[in-house]
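Tertiary structure, described
Now for the letters of each chain:
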Amino acid sequence: MEEKMLRIALIGNPNSGKSTVFNALTGGNAHVGNWPGVTVEKKEGRFKYKNFNVLVTDLPGTYSLTAYSIDERIARDFIIKEKLDAIVCIADATNLTRNLYLLVLLRELGAKTILDLNMSDLIEGKIRIDIQKIEELLGIPVVMTSATRGIGIEKLKEEIIRAKDFQSEELHIEYGNDIEEEIKKIELGLKDFPFPYSKRFIALKLLEGDPQIIDEVKKVGFEKAIETANLAVVNLESKFGYDLESEIVEIRYGFIESVVKQCVKRIATVEEKLSTSDKIDRVVTNRFLGIPIFAFFMWITFELTFKLGGFFAGYIDTFFGWLGDFIENYLSRVGSSHILLSFMKDGIINGVGTVFIFLPNILILFMFLSFLEDVGYMARVAFVMDKAMHAIGLPGRSFIPMILGFGCNVPAIMSTRTIPEERDRLLTILINPFMSCTARLPVYVLFTSVFFSKNQGLIIFSLYALGIFIAIISAKLFRITIPSLKGKISPLVMELPPYRLPTIKGVLIHTWERSRAFLKKAGTIIFAGVVVIWLLASLPFSQEYASEGTIIGQIGKIIAPILKPAGFPYWQVGVALIFGIIAKEVVIGTLGTLFGGEENLPNVLSKLFTPLSSYSFMVMTLLYIPCIASIATIKRETNWKWTILGVSYSLLIGWILSIVFYQIGRIFGR
Amino acid sequence: MMPLVFGREGEELEIVSIETGKGAASRLQEMGIYPGVKVRVISNSWGPMIIGIGSSRIALGRGLASKVVCKTKY
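If you're wondering where the values come from, they're calculated on a predicted model, not measured in any experiment.

Procedures and definitions
- Residues numbered from 1 in each chain as written.
- Chains lettered and ligands numbered in written order.
- Predicted model: local features only at pLDDT ≥ 70, side-chain atom pairs only at ≥ 80, totals over all residues.
- Helix = DSSP H or I, 4+ residues; strand = E, 2+ residues; numbered from the N terminus.
- Buried ≥ 20, exposed ≤ 12 C-beta atoms within 10 Å, placed from the backbone.
- Contact = placed C-beta atoms within 7 Å.
- Domains from an automatic or database assignment.
- Core = buried A, V, L, I, M, F, W, Y, C linked by C-beta atoms within 7 Å.
- Pairing = 2+ DSSP bridges.
- Axes fitted to C-alpha atoms, helices over the stretch in contact; angles between N-to-C directions.
- Parallel < 35°, antiparallel > 145°, perpendicular 65-115°, else oblique.
- Left-handed = near helix turned anticlockwise from the far one by under 90°.
- Nonpolar A, V, L, I, M, F, W, Y, C, P; charged D, E, K, R; others polar.
- pLDDT = per-residue confidence, 0-100.

Take the overall build of chain A next. The secondary structure content of chain A amounts to 29 helices and 9 strands. Taking the principal axes of the C-alpha coordinates as reference, chain A spans close to 85 × 60 × 55 Å. Burial status across chain A gives 48% buried among its 670 residues. Looking at chain A alone, contacts between residues at least 24 apart form 70% of all its contacts between residues at least 6 apart.

What follows is the structure, encoded as structure tokens:
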């Protein structure tokens, strides 16, 4: 028999167990997390049922169809713009009223929806829900599931298959004569509006003043309808003295409450004791203990990341060294050209290898962070840090990306997608490269071991602190000077998921999902960057690789005088800094090549640098430019304007600060 | 009637109105903090407060919580 394809989407509030339902349906490898908004990337899976092949898309958690954050926008656009055979709305059965709000919106939109009341095991013996009654009142199929136990999943599949033949009228909630009249007027103005769903929904959204819907309507030239709506808002608000948007939401809730009243029976009085999660929160979010507890977790995380990561990194380094030699031997045996050999060894293996060395660090760091996230702790971090972060001009939610930046700026920048306010998100992205990532550490380690062998730890710590300091100052500066970033810090409103014991599988999958972003960069952007820099370092081919006569050597010579006030006027250093754009740790490898082998490096460096100029060089390495992968990520998450701003700002600040350190240091005569 | 931010830990309150700007108000409502709903103050000592609505827990900045008007049940 021929297989039929169906496309469906899962939508639901954060923490409604959406990811768990997704996994139960597809039997597959999606992440099970409990940080609000964790499903950032679009996640797809398949299942086969009877004669159908069903493609399931897991959408980011959302409370409504108004998009506040990028996540929610992804969810809403997908629902509205894709042609879906069914939408499964997952609702937490223990918190029905709030969860039904999203469902009611979907029904008003007229989307073909199935309601999945999830976590049914948690209400057993406490409340009873009359499924048939809900089906009747809302006009849609309803399924009870407990995805964690796999209960009800077959039934859900059955309903998904059946949904393709079933027609559902949109839900019509009565908003009272005055509002209804205005809705009709607006609908008239939307007559030929190109929209597959209910025009009434658009009219309502215009009355609610949804900025994105207004934009969309404007785009297709229905300004008239917007005018009608604006007039209606003014009329109604002045006549009744209410806020129309709130009024509409309240009427919706009124409808939901009447549904819940008719369908839900309390069997036992639901105990109002503090849950275990609440008790843990008493300690973890405590005024005095909150920050020390967090600092302790971070300390363990970084200790283990660097200890374990360093162990594996050694092996990877050896492996790429061996691979380089092997390919060199092989290519010279088969008599390939000098250029190809250099391309493979100096370009590809060296370039990509140096990036791969950081993979263990990144994997381990993300494993810890995924664990803390899956436990539910990360939401508490934003909570605990909110006040402190406000003092530096950012919301609590910006803290996680900053912490992730210590590992790698790429996933850190990507994690800003859960920040609802766009200007807070942009700020968090712009300052992220100043958080000293693991790639910068080898540079510090080498230079401090040569020049500050007694205070190595302290000096390295000072660089991390400097990075944080610059990030804070820059945030303040951007907030004051750039008009589109001005404005109040968005206040904290977030759901705290209950603490859960994470599964090993879940943590590993989540770790992999995050690291994959980094690896993908290594395969694409970094690779391209490697090729470009190899070319610059090779042309003209008559010159030795990366020597003074090559293009890059010439560029280095141009840069050298610019570096002079910072205390290191050498063309080799200029070249190393250019190479550092691939990844900061490449600075070391380049210096090694240019100064005749990494073994000689300490010797050579101690002649060329003083402790002071070595410090100003480390400051430069910390600040001067985000690596290629970070730049590409900033571009992807913002646009060219912000990317160019971020890059030129950091170039400037790196240059100025290394000069400041060097010149002030000289005054004190060191 | 009093602002939510004055609620004592363990106290049960009913939300009466939300007096913030438009965007914030509808956000709160969508998250389940709407006039008529009963909430419990889970923690309120320092920094953001935590309120419970049914089984869900919502953290709320103090500035925002001071603009949510509520009344005690009795």
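We now examine the domain arrangement of chain A. Taken as a whole, chain A is organised into domain 1 (4-163), domain 2 (177-241), domain 3 (296-437 + 453-487) and domain 4 (521-667). Each of domain 1 of chain A and domain 4 of chain A was reduced to a C-alpha centroid, and the two centroids are 50 Å apart.

With 194 residues, the main nonpolar core has Ile87 and Cys89 of chain A as its most contacted residues. Not counting chain neighbours up to four residues away, the residues in contact with Cys89 of chain A comprise Ile11, Gly12, Leu102, Leu103, Leu106, Thr113, Leu115 and Asp116 of chain A.

Turning our attention to unusual backbone geometry. Residue and element names in this part refer to chain A. A cis geometry characterises the amide bond from Leu539 onward to Pro540, with omega recorded as -10 degrees. Relative to the assigned elements, Pro540 resides in the loop between α22 (525-538) and α23 (551-563). Here the phi dihedral of Asn15 falls at roughly 65 degrees; this positive angle occurs in a residue that is not glycine. Its location among the elements puts Asn15 in the loop between β1 (4-12) and α1 (18-26). Judged by local crowding, Asn15 falls into the buried class, with 27 C-beta atoms found within 10 Å. Positive phi, close to 50 degrees, is recorded for Lys50, a residue that is not glycine. Relative to the helices and strands, Lys50 resides in the loop between β2 (43-49) and β3 (52-58).

Listed per partner, the contact involves 31 residues of chain A and 32 residues of chain B. For the side of chain A that touches chain B, the secondary-structure elements that each account for two or more residues are α3 (96-109), α10 (244-263), α11 (276-284), α15 (377-391) and β9 (493-496) of chain A. Relative to strand β5 (residues 56-60) of chain B, β9 of chain A runs antiparallel, the two being bridged by 4 bridges. Looking at the pairing, Val493 of chain A lines up with Leu60 of chain B of β5 of chain B.

Let's shift gears to the environment of Ser17 of chain B. All names here are of chain B. Of note, Ser17 is situated in strand β2 (residues 12-18). The exposure class assigned to Ser17 is partly exposed, which follows from the 17 C-beta atoms found within 10 Å. Taking the C-alpha atoms as reference points, Ser17 and Val68, separated by 51 residues in sequence, lie 6.1 Å from one another. With residues near it in sequence (within four places) discarded, Ser17 still touches Pro35 and Val69.

Moving on, we come to the packing of α3 of chain A against α10 of chain A. Residues and elements named next belong to chain A. Remark: α3 packs on α10, axes separated minimally by 9 Å, with the N-to-C direction vectors making an angle of 120 degrees. It follows from the interaxial angle that α3 and α10 lie oblique. In the crossing of α3 with α10, the sense of the turn from one axis to the other is right-handed. Residues Leu96, Thr97, Leu100, Tyr101 and Val104 of α3 pack against Arg252, Tyr253, Phe255, Ile256, Glu257, Val259 and Val260 of α10. Of the residues that constitute the contact of α3 with α10, the class distribution is 9 nonpolar, 1 polar and 2 charged.

All names here are of chain A. Ordered in space as β2-β3-β1-β4-β5-β7, the 6 strands form an open sheet in which the pairing is mixed. Single-partner strands in this sheet number two, and they are β2 and β7 (142-144). Here the strands of the sheet are splayed against their neighbours by 25 degrees on average, with no regard to which way each runs. With 3 bridges joining them, strand β5 (residues 113-118) and β7 adopt parallel strand pairing.

Confidence in the prediction of chain B, expressed as mean pLDDT, is 87, and 99% of residues score 70 or more. The ipTM value of the predicted complex is 0.92, and its pTM value is 0.77.

We now examine the packing of helix α19 (residues 441-451) of chain A against helix α27 (residues 611-623) of chain A. All names here are of chain A. Contact geometry for α19 and α27: axes closest at 10 Å, N-to-C directions at 175 degrees. One element, α19, and the other, α27, form an angle in the roughly antiparallel class. Along the contact surface, α19 presents Val443, Tyr444, Phe447 and Phe451, while α27 presents Pro611, Ser614, Phe617, Met618 and Thr621. In the contact of α19 with α27, the residues fall into 7 nonpolar, 2 polar and no charged.

Turning to the sheet that holds β9 of chain A, a few remarks are in order. Strand order in the open sheet made by the 7 strands is β9(A)-β5(B)-β4(B)-β3(B)-β2(B)-β6(B)-β1(B), with antiparallel pairing throughout. Edge positions in the sheet fall to β9 of chain A together with β1 (2-3) of chain B, since each of these pairs with one other strand and no more. In this structure, strand β3 (residues 38-43) of chain B lies alongside strand β4 (residues 49-53) of chain B, joined through 3 bridges in antiparallel fashion. Across the sheet, the residue bridging to Ser43 of chain B is Ile50 of chain B, located in β4 of chain B.

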